[in-house]
2 protein chains.
Amino acid sequence: MKHIADSTVRRLSAYLRFLEDFETRGLTTISSDELAKRGGTTSAQVRKDLSFFGSFGKRGLGYSVPELAGRLREILGLGREWKVIIVGAGKIGAALARHHGFQQRGFTITAVYDADPQIVGLDLDGLAVRDAGHLERDIHRDHPDIAVLAVPEQAAQAVTDRLVRAGIKAVLNFAPAQLQVPPEVTVKTVNMAMELEGLSFALTNRE
Amino acid sequence: MKHIADSTVRRLSAYLRFLEDFETRGLTTISSDELAKRGGTTSAQVRKDLSFFGSFGKRGLGYSVPELAGRLREILGLGREWKVIIVGAGKIGAALARHHGFQQRGFTITAVYDADPQIVGLDLDGLAVRDAGHLERDIHRDHPDIAVLAVPEQAAQAVTDRLVRAGIKAVLNFAPAQLQVPPEVTVKTVNMAMELEGLSFALTNRE
DNA sequence: GAGCGCTTGTGAATTGATTCACAAGATATA
DNA sequence: TATATCTTGTGAATCAATTCACAAGCGCTC
Ligand SMILES: NC(=O)c1ccc[n+]([C@@H]2O[C@H](COP(=O)([O-])OP(=O)(O)OC[C@H]3O[C@@H](n4cnc5c(N)ncnc54)[C@H](O)[C@@H]3O)[C@@H](O)[C@H]2O)c1
Ligand SMILES: NC(=O)c1ccc[n+]([C@@H]2O[C@H](COP(=O)([O-])OP(=O)(O)OC[C@H]3O[C@@H](n4cnc5c(N)ncnc54)[C@H](O)[C@@H]3O)[C@@H](O)[C@H]2O)c1
């Protein structure tokens, strides 16, 4: 398959969210223009994004809301359950573990780990924090798909190396670090400090 | 000034982080190539990024670490304190309020708000959660620079409208919503569901 | 079933970002 | 002062993403 840009995937994800909203409001068809308005883009962009994967619309009519939603779920790989583990049960890790919004898109948090004996064993809305020493054993046994990294910056690379060695192929990283991984592993980093600095730049260099 | 791409600003932010690391390790000069290796980019990219703002290096030598760090702080607007308020003191809002990592870059959390009377008054590491009803009054009085939005999706647009009307010009949004704001307001959205879906896509469409 | 209004799908054109490649400046050495 | 070595700064070239623009398809009406 042709290479798909990251920005395209993000927009597909946004389109799906809008479609689900339209679906609950009982609408059955939608045009690329309505979808674009909702997502702050253009109708040509919407059609181009979809065209990488096939043609899902009807000329003169638009797209069937449930059909397009289904296609997008398929494209994004949301037709199955993904097992997610969280490493680091501190402030951000605990907030994520107790967030139930990911479940509805098929991301199930199956385990949470920490290295601090004070934290191991704590209950996070029904999930007991496990000992990070058992990470490898558990990964070999349970085969989680995605690891969320919520440990301090200094520990981030070392924990990543352990995860990768144990077979993890996808990491969502919250530490403000540029992680080194082999090419078959995908990392997405959420760097809040960087976002704040982007705002600082915008406020400073407003013309 | 010429328009600067978002991706450029993010890289500048990353360079600054590396420079600070080099600084603590006692290094005094660095080449664009070393900076590039550390940030997973190329030396030409580093030099091009910097060239938008001036020429800070010495041919044959590289860049002075403390000087370049200073210039980057200036460019990013980090030479001052930014007052940040957090709206929504739930799981994610509380985690952010209790995170002390933003302070060292000059982002001071000055207040946290919530609409739930059960939550108003709670102490978050020394910050008392204020009543969201006082948002406008407090913004007029304290002039915060940046608002972090950590309220449920359904409340996000309404709260944003209130913030914008009260004069806020920069918003860091954690709700999975595409916020509508006038052009003089900058919004950055951290959408974790979208990041997870990006990983799902990568795992599914691996060639 | 011809004509009209609407919207898709997609090559072509354009705009934007990254990479190339090299002249020119800086230091060091003799 | 001449020469060798290194690395910047930047136009030009390439690569990538977005926008344009329009032929073609679909449904509706008469
Ligand atoms: N809290 C926030 O709002 C926030 C915001 C932005 C970025 N971050 C980043 O997220 C990461 C976590 O932040 P936090 O505020 O949750 O910190 P925290 O100190 O509250 O939590 C970190 C947890 O990781 C655990 N840990 C340390 N080493 C470990 C290891 N090797 N294996 C397993 N667990 C380990 C610690 O015991 C601790 O419980 C940091 O990198 C931080 O910079 C946090
Ligand atoms: N917790 C997470 O890990 C996580 C992850 C991804 C995204 N998010 C998003 O972040 C947002 C907050 O999530 P959360 O898990 O912290 O939810 P939460 O329910 O724990 O907290 C939300 C808080 O906002 C407050 N609130 C509601 N309306 C308000 C208003 N009008 N003014 C001020 N405060 C108001 C509520 O009282 C509550 O305390 C949501 O949009 C969620 O989708 C959270």
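The residue numbers shown here count from 1 along each chain, following its written sequence. As a convention, the first chain written is A and the first ligand written is 1, with the rest following in written order. Under the rules for a predicted model, residues below a pLDDT of 70 receive no local features and side-chain atom pairs below 80 are neither given nor counted, while totals for whole chains, interfaces and linings still include all residues. For the side-chain quantities, the full set of heavy atoms in the structure was used; hydrogens and water were omitted.

Q: Hey, could you run me through the sheet that holds strand β6 (residues 127-131) of chain A in this one?
A: As a general point, the strands of a sheet are linked pairwise by backbone hydrogen bonds and lie either parallel or antiparallel. Residues and elements named next belong to chain A. Strands sit in the order β5-β6-β4-β3-β7-β8-β9 across an open sheet of seven strands; the sheet is mixed. The outermost strands of the open sheet, each flanked by one partner alone, are β5 (123-124) and β9 (186-189). For two strands to be treated as a pair, DSSP must find at least two bridges joining them. Helix numbering and strand numbering both begin at the N terminus, where a helix is a DSSP run of H or I of at least 4 residues and a strand a DSSP run of E of at least 2. Pairing of strand β8 (residues 170-173) with β9, which is carried by four bridges, proceeds in the parallel orientation. Across the sheet, A170 pairs through a bridge with T186, a residue of β9.

Q: Looking at this model, I keep getting lost on the interface of chain A and chain B. Mind explaining?
A: It is common to report an interface's size as the accessible area lost on association of the parts. With 56 residues of chain A at the interface, the matching set in chain B holds 57 residues. Summed over both partners, the accessible surface that disappears when two parts come together, traced with a 1.4 Å probe, is what is meant by buried area. Regarding the contact of chain A and chain B, the summed buried area is about 5300 Å², with carbon and sulfur atoms giving 68% of it. Salt bridges are defined as contacts in which a side-chain nitrogen from Lys or Arg sits within 4 Å of a carboxyl oxygen from Asp or Glu. The interface formed by chain A and chain B includes six salt bridges. The salt bridge partner of R17(A) is E153(B), with a shortest N-O separation of 3.9 Å. Whenever two N or O atoms come within 3.5 Å, that pair is a polar contact, provided that in protein one can donate a hydrogen and the other can accept it, and provided that, for residues adjacent in sequence, both atoms are side-chain atoms. For the pair chain A and chain B, the interface holds 16 residue pairs in polar contact (both at pLDDT 80 or more). For the side of chain A that touches chain B, the elements supplying multiple residues, two or more each, are α1 (6-24), α2 (32-39), α4 (65-76), α5 (91-97), β8, β9 and α8 (192-204) of chain A. If one sorts the elements of the side of chain A that touches chain B by residue count, α8(A) sits on top with 13 residues. As a working rule, the residues Ala, Val, Leu, Ile, Met, Phe, Trp, Tyr, Cys and Pro are called nonpolar, Asp, Glu, Lys and Arg charged, and the rest polar, with Gly in that last group. Of the residues assigned to the side of chain A that touches chain B, the class counts are 30 nonpolar, 11 polar and 15 charged. By definition in these notes, contact holds between two residues if any of their heavy atoms fall within 4.5 Å.

Q: Would you mind going over the side chain of S32(B) with me for this structure?
A: Residues and elements named next belong to chain B. If you trace the backbone, S32 turns up in helix α2 (residues 32-39). Within the structure, S32 has its side chain in polar contact with the side chain of R47 (distance 3.1 Å). In this structure S32 touches S43, V46, R47 and Y63, once residues within four positions along its chain are discounted.

Q: Would you take a moment to explain the protein's contact with DNA strand D for this structure?
A: For each residue, the test is whether any non-hydrogen atom lies within 4 Å of the molecule or strand; if one does, the residue is near. Near DNA strand D lie 23 residues; those nearest to it are S32(B), R47(B), S55(B), G60(B) and Y63(B). Among the atoms of DNA strand D close to the protein, meaning within 4 Å, 60% are from sugar or phosphate groups. Taking F56(B), its main chain carries an N or O atom lying 3.2 Å from a phosphate oxygen of DNA strand D. Only α3 (43-51) of chain A together with α3 (43-51), β2 (57-58) and β3 (62-64) of chain B provide two or more residues apiece to the surface near DNA strand D. It is α3(A) that provides the largest number of residues to the surface near DNA strand D, a total of four residues.

Q: Help me out: how do you make sense of the protein's contact with DNA strand C in this one?
A: Residues and elements named next belong to chain A. Taken together, 25 residues sit near DNA strand C, with S32, R47, S55, G57 and Y63 positioned nearest. Of everything in DNA strand C that lies within 4 Å of the protein, sugar and phosphate atoms constitute 62%. Residue G60 places a main-chain N or O atom 3.0 Å away from a sugar or linking oxygen belonging to DNA strand C. Contacts to DNA strand C include Y63, whose side-chain N or O atom sits 2.8 Å from a phosphate oxygen.

Q: Would you mind showing me how to read the pattern of salt bridges here?
A: Charged atoms that come close allow side chains of opposite charge to pair. The final tally for this structure, using the stated rule, is 39 salt bridges over all chains. R10(A) serves as the salt-bridge partner of E195(B), at 2.9 Å between the closest nitrogen and oxygen. Here R10(A) lies in helix α1 and E195(B) lies in helix α8 (residues 192-204), a pairing that spans two chains. Only protein chains enter the calculation, and the probe is 1.4 Å; a residue is then buried if its accessible area is under 20% of its type maximum, exposed if over 50%, and partly exposed in between. Owing to a relative accessible area of 10%, E195(B) belongs among the buried residues under this scheme. Take R10(A): its relative accessible area is 30%, and that puts it in the partly exposed class. We note a salt bridge from R105(A) to E20(A), for which the minimum N-O separation is 2.9 Å. Taken as a pair, R105(A) in the loop between α5 and β4 (107-114) and E20(A) in helix α1 lie far apart in primary sequence, 85 residues in all. If you follow the salt bridges from partner to partner, you end up with R130(A), R137(A), D138(A), R141(A) and D142(A) in one network.

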